[in-house]
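# Observations on the model geometry
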Amino acid sequence: MSIIALTTKAEKKAEYAENLGAFRGIKLLHIKDQIASILSHIGRDGIFDEYTKHDISHIDHMLNSLEWIIPEETQDSMTSADWLIIVLAIYFHDLGMLVTRDEFEKRDKSAFPNFKKDILEGHLGVNFKDKITNIKDSQKQDRFVYQEFVRKTHAERIKYWILDESNPNFETADQVAEEIKRLIGSLSYMFRRDLAFVCESHHLSDLDNFEKYKLNQPYGSLPDEEANLHYAALILRTADLLHITSDRTPSIEYRLINPVDPISQDEWAKQKAVTKVRPQIKKNKEGKTDPTIEKDTLEVIALFEKENGFFGLIAYLNYADSELKLNYKYHEQACELLPSNYKYPWRKIDDSNIETKDFEKKQFEFTLDQTKILDLLVGHTLYNNQSVVLRELIQNSIDACRLEEINKKSSTIFYEPLIQVNWNSTDRQLSFVDNGTGMDIQIIQNHLLKVGSSRYQDENFKKEFPKFSPISRFGIGLLTCFLIADDIDIVTRTQKAEKAILLKIRKVHGKYLLKYLDVATSKVEIPSHGTKINLHVRPDVDLTNIESEIRKWIIIPSCNLILNNDGETTSIGYKTPEDVLRNFLLSNDYQLDEKKIKIVQKERNGLQLAYALRYIEHFKEWTFFDFRERYTEAFVPTGICVEGIRIDFNTPGFNGRNFLAIANSCGANAPKTNVARSNIETTTESDLMLKAIYEIYLDHIQEELSNLRKLGFSISWAAKEANYLLNSFVQGYRYSNNREAKLQNQQSFETALSLTNLILTEREKIRDIVNLNQLKEQGSFWTIDCASYTSADNLVKEVKGSNTSALSLMKTLFGDGDAKIDHIDNLLCGIDDGNVLDEIILDQFQVDTIMIIPEQRRLDLRWSSSSDKIWEKVRIESDRSGAICFIQLLDINLPNNIDQIAINSSSSFFILKNSELNTYLVNLIEKLSPLTGLNKSIFSRICGLVNNFFNHQDLDKSKVEEIIAYRFERNENRGLDRLIWDQVDKRELINVILKTNFVKYDTTIWSRRVSLNPPF
């Protein structure tokens, strides 16, 4: 091991601090020696063991780089305290990268599982998720993800270690903290706290916090004992960013450098391509290098033989360049607060000296034709409806008024938000006036006139108003004005400004004129604050239906909205979703009361949902008020609004209009829309909103079940009616193809449904209603399929106010010994594959035991939530009833003397393993795997054919081919037969059919019926 010494200028300057009273007791050489020992352990146990040095050579490299990072005149001005805190920060800042084998093995005790979960759920980016999941080796995947986790948290780790405080994200890794405590424990808590902040700062974005990073922090009475923490943090961040030579990859999260391909960061380190980073000598006006000109650019020297590493480095340099620009900006802000001799000149990185072998180093890129892009944005490509300008400008005004309300909450000034839309068809003048926040020159320049830049997405705005959820977020709303006008005048004024700003825009490609109005004119145009936008509407634009167009979009504005249409004023919008439905139904001559039709509004997590209900006297229940087609030509208040603006026009939760309901989502949980605001983006927020919508609907169904019980109906009756309401509510569920309105998010619906008590069970002679999660916790249940049980079940259903047991009734009918029900510990009271809930149950449970009781013509099935796939389940498409066929894959509990090869129940058909037919179907499953799309349809048709043969009581096997031809050559199957026989060996299938004795146990054949089989 090399001898540790204080060799750099920075260390020698810092060493002077040992003689100052504020820092007496520390020995820099001893600290460095111990740090070298600790750093040497990084990478020993498989974490950060490839391509990256984090040993003392990295520290020395950073310390040496300070001689050119810090301008010479600044070095002469710095205090010993400055040098000490910078050197110690460089010593300590990477210690958080130390991961022991024990810590990695105990990773599940830290916050790592949540970090990995966020990655795999796509919360850190879909591309990042894909790159991680492509690492197939689970140990390597965990190692890479843990390295990312440590990169993300290592600065925080060292902060807690220096402060000698427990880290909530890590329960282990305390050894380093003890060593640090021994090294610097003699220093004051203030200094250790500030050192911890500076160390952590190189992975934070808070260098604009001058309370935290003080510009003149004293640790003693002497001037040399005072430090500029902000400058120290800037220097540490810069030195760490620029140590990218061939011995080291970045300590920053790879995801932040390149979200699309984070792993590429390892590639440039593998190639050891980067030789040096150095200040670039500036050139004078004659183009000659001039060392006397202040340097502000850093250049990177590198040679790449492979392109992967090249792209990885370029991504990092782009990241580092943006960080340097931020550093420069923060230093300027610091100098404005407290002028000093400390200089930070670095503004950019030059990558022109990066060489390549066998590939072109020039980075080609897309360029934008501004004129054509603007044409696309204001043409029919993005917005295909001229009326969207009404929506866009009104919602901009609503955002401004909502923001002003927040500003006014801290004062005693009464504020009533108001928006007025004025349309003069004679002069063709359309104006939008609001008393919102207004705009200053910075907002106009940086956001209003910058396409794609929204003020509300600015990081500084988000910090100031963290809970504000804007409707507008894309920064292109103003462009919609050019859909209907070429000339636009904007007058705007903030509360603080005496003079309003007038902005005149002529044509989308034209120049803009901006001027300040005098004080008197400003007060006339904008009395206090707000914005006025005036459009000179083109003659070819039809605004005859301006009121209906506004009402179509603006449903529940959070402020007063007035339309002045050629002198006639009217108020637009409603206070709540409930008001919207009430006004609509009353205008369509419906009488609202608590006896026939009513409206219910529920709230959940920022969502308001109102729905209309109709009372069915015969069944004593409130059902959802179904959508009527005769409404289609009029304004129909269905849909989802975000902050009062309608985005979706379907019944909330559905792709289509199913029944009358409308929702409004507000606040931080509100979903995001696409750019054109024609749809809601699929995000975590939208999933949570849909789940809340489904929960509210399902709560109503569960309430109806409870009401029926209160009215004296039996629990069995109430459960059956609740499931009828559920089925009629869902209509276009995934198992029903005959409806137009489909559930918008099946997973969210099933999540909500799994917590809704609608499943009728019987345990220990007591009937109860449980939810799907409770059923799964119970592990298994039985079903009974026979006429006697059905009769008993129907009878107990009719007994008023009862939860009478059907099994007890069967004991009465057959006697204790002959009832044969002792094995039934948990009974699911009936299962119907046409029932929405039962279909989900069939998806999550499998038959693991079959009992046949022939003397009762009965079939008992036990269903369990086994993780093994026992049956292949397929819905028979060719069967109009949509029957389900199960093909046995694994052994189950069967009667010993069973000689049938199939079992038919009232809801399903089971083909057992004890036959050549089952073997053939299992092999066919493997051949067609995966059973999706066309292959699924082919297998379904084959199963339908097999099922058909079981239904022939006297099968003439000489006519097998004729039967097959009949099944596959009917009108609805034309063309499909060729696709089937491309995948299925027809002769092999016929041979299996000829060998099979189609014998089944069938609970459905004990009543006479007319055969529908073809006469073969």
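See the structure above.
Before going into details, it helps to say that this report is about the structure given with it. (Residues numbered from 1 in each chain as written. Predicted model: local features only at pLDDT ≥ 70, side-chain atom pairs only at ≥ 80, totals over all residues. Heavy atoms only, no water.)

## A short note on the side chain of Thr531
Keep this limit in mind: Counting from the N terminus, the helices are the DSSP runs of H or I reaching at least four residues and the strands are the DSSP runs of E reaching at least two. Exposure categories follow from relative accessible area, calculated using a 1.4 Å probe and restricted to protein chains: below 20% of the type maximum is buried, above 50% is exposed, and the middle band is partly exposed. Whenever a nitrogen or oxygen atom comes within 3.5 Å of another N or O atom, the pair is scored as a polar contact, on the condition that within protein one atom can donate a hydrogen and the other can accept it, and that pairs from neighbouring residues in sequence are kept only if both atoms are in side chains. Whether two residues are in contact is decided by their heavy atoms: any pair within 4.5 Å suffices.
Mapping Thr531 onto the fold places it in strand β12 (residues 530–537). A relative accessible area of 8% places Thr531 in the buried class. Looking at Thr531, its side chain comes within polar contact range of the side chain of Thr492, at 2.9 Å. Contact partners of Thr531, with chain neighbours within four places excluded, come to Phe432, Val433, Asp434, Gly438, Met439, Ile490, Val491, Thr492 and Ile526.

## Remarks on the packing of helix α5 (residues 80–92) against helix α11 (residues 189–201)
Condition: A fitted line through C-alpha atoms represents every axis, and for helices the fit uses only the stretch in contact; the resulting angles, taken between N-to-C directions, go from 0 to 180 degrees. Roughly parallel here means an angle under 35 degrees, roughly antiparallel means over 145, roughly perpendicular means 65 to 115, and every remaining angle is called oblique. Two helices crossing with the near one rotated counterclockwise from the far one by less than a right angle form a left-handed crossing, whereas a clockwise rotation gives a right-handed crossing. Classes in brief: Ala, Val, Leu, Ile, Met, Phe, Trp, Tyr, Cys and Pro nonpolar; Asp, Glu, Lys and Arg charged; the others, Gly included, polar.
Their axes nearest at 9 Å, the elements α5 and α11 cross at an angle of 60 degrees. When the interaxial angle is binned, α5 and α11 end up oblique. Remark: the crossing between α5 and α11 carries right-handed chirality. Residue-level inspection shows Leu84, Ile85, Leu88, Ala89 and Phe92 of α5 in contact with α11, the latter providing Phe191, Asp194, Leu195, Val198 and Cys199. Considering only residue class, the contact of α5 with α11 consists of nine nonpolar, no polar and one charged.

## Comments concerning the sheet that holds strand β7 (residues 418–424)
Inclusion rule: Think of it this way: DSSP has to see at least two bridges between two strands before they count as a pair.
Taken in spatial order, the eight strands of this open sheet run β11-β10-β9-β12-β8-β7-β13-β14, and their pairing is mixed. One side of each edge strand has no neighbouring strand; the edge strands of this open sheet are β11 (512–516) and β14 (568–571). In this sheet, adjacent strand axes meet at a mean angle of 15 degrees when their direction is disregarded. Two elements, strand β13 (residues 560–565) and β14, share four bridges in a ladder whose sense is antiparallel. The residue bridging Leu563 from the neighbouring strand is Thr570, located in β14. Relative to strand β8 (residues 429–434), helix α17 (residues 388–409) is tilted by about 20 degrees, and along the sheet it contacts β7, β8, β12 and β13. Running at roughly 25 degrees to strand β10 (residues 501–506), helix α18 (residues 441–448) makes contact with β9 (485–493), β10 and β11 of the sheet.

## What to know about the sheet that holds strand β29 (residues 871–875)
Ordered in space as β29-β30-β32-β31-β33, the five strands form an open sheet in which the pairing is mixed. One side of each edge strand has no neighbouring strand; the edge strands of this open sheet are β29 and β33 (1000–1002). Strand-to-strand, the axes of this sheet are offset by a mean angle of 15 degrees, without reference to chain direction. With four bridges connecting them, strand β30 (residues 884–888) and strand β32 (residues 908–911) associate as parallel partners. In the sheet register, Cys885 faces β32, and the bridge partner there is Phe909. Against the sheet, helix α30 (residues 836–844) engages β29 and β30, with an angle of about 150 degrees to β29.

## So, empty space enclosed by the protein
Rule in force here: In the cavity and pocket records, a cavity denotes points on a 1 Å grid over the protein atoms alone where a 1.4 Å probe fits but cannot get out, a pocket denotes an open set with protein on both sides within 12 Å along at least 5 of 7 lines, and lining residues are residues with an atom within 4 Å of a point. Grid points are joined across faces, edges and corners, and a volume is the space filled by probe spheres set on the points.
Per the counting criterion, the structure on display carries six cavities of 30 Å³ or more. When its volume is computed, the second largest cavity comes out at roughly 60 Å³. Lining the second largest cavity are Leu215, Asn228, His230, Tyr231, His331, Ala334, Cys335, Leu338 and Ser340. Ranked by residues supplied to the lining of the second largest cavity, first place goes to helix α15 (residues 307–337) with three residues.

## Topic: the pattern of salt bridges
Going by this rule: For this analysis, a salt bridge means a side-chain nitrogen from Lys or Arg found within 4 Å of a carboxyl oxygen belonging to Asp or Glu.
Taken as a whole and assessed by the stated rule, the structure comprises 45 salt bridges. The closest approach of N and O atoms between Arg582 and Asp579, which form a salt bridge, is 3.8 Å. Pair noted here: Arg582 and Asp579 are both in helix α22 (residues 577–587), with a separation of three residues, about one helical turn. The exposure class assigned to Arg582 is partly exposed, which follows from its relative accessible area of 31%. Note on Asp579: relative accessible area 27%, which makes it partly exposed. One salt-bridge network, in which partners are shared between bridges, spans Arg604, Lys691, Glu695 and Asp699.

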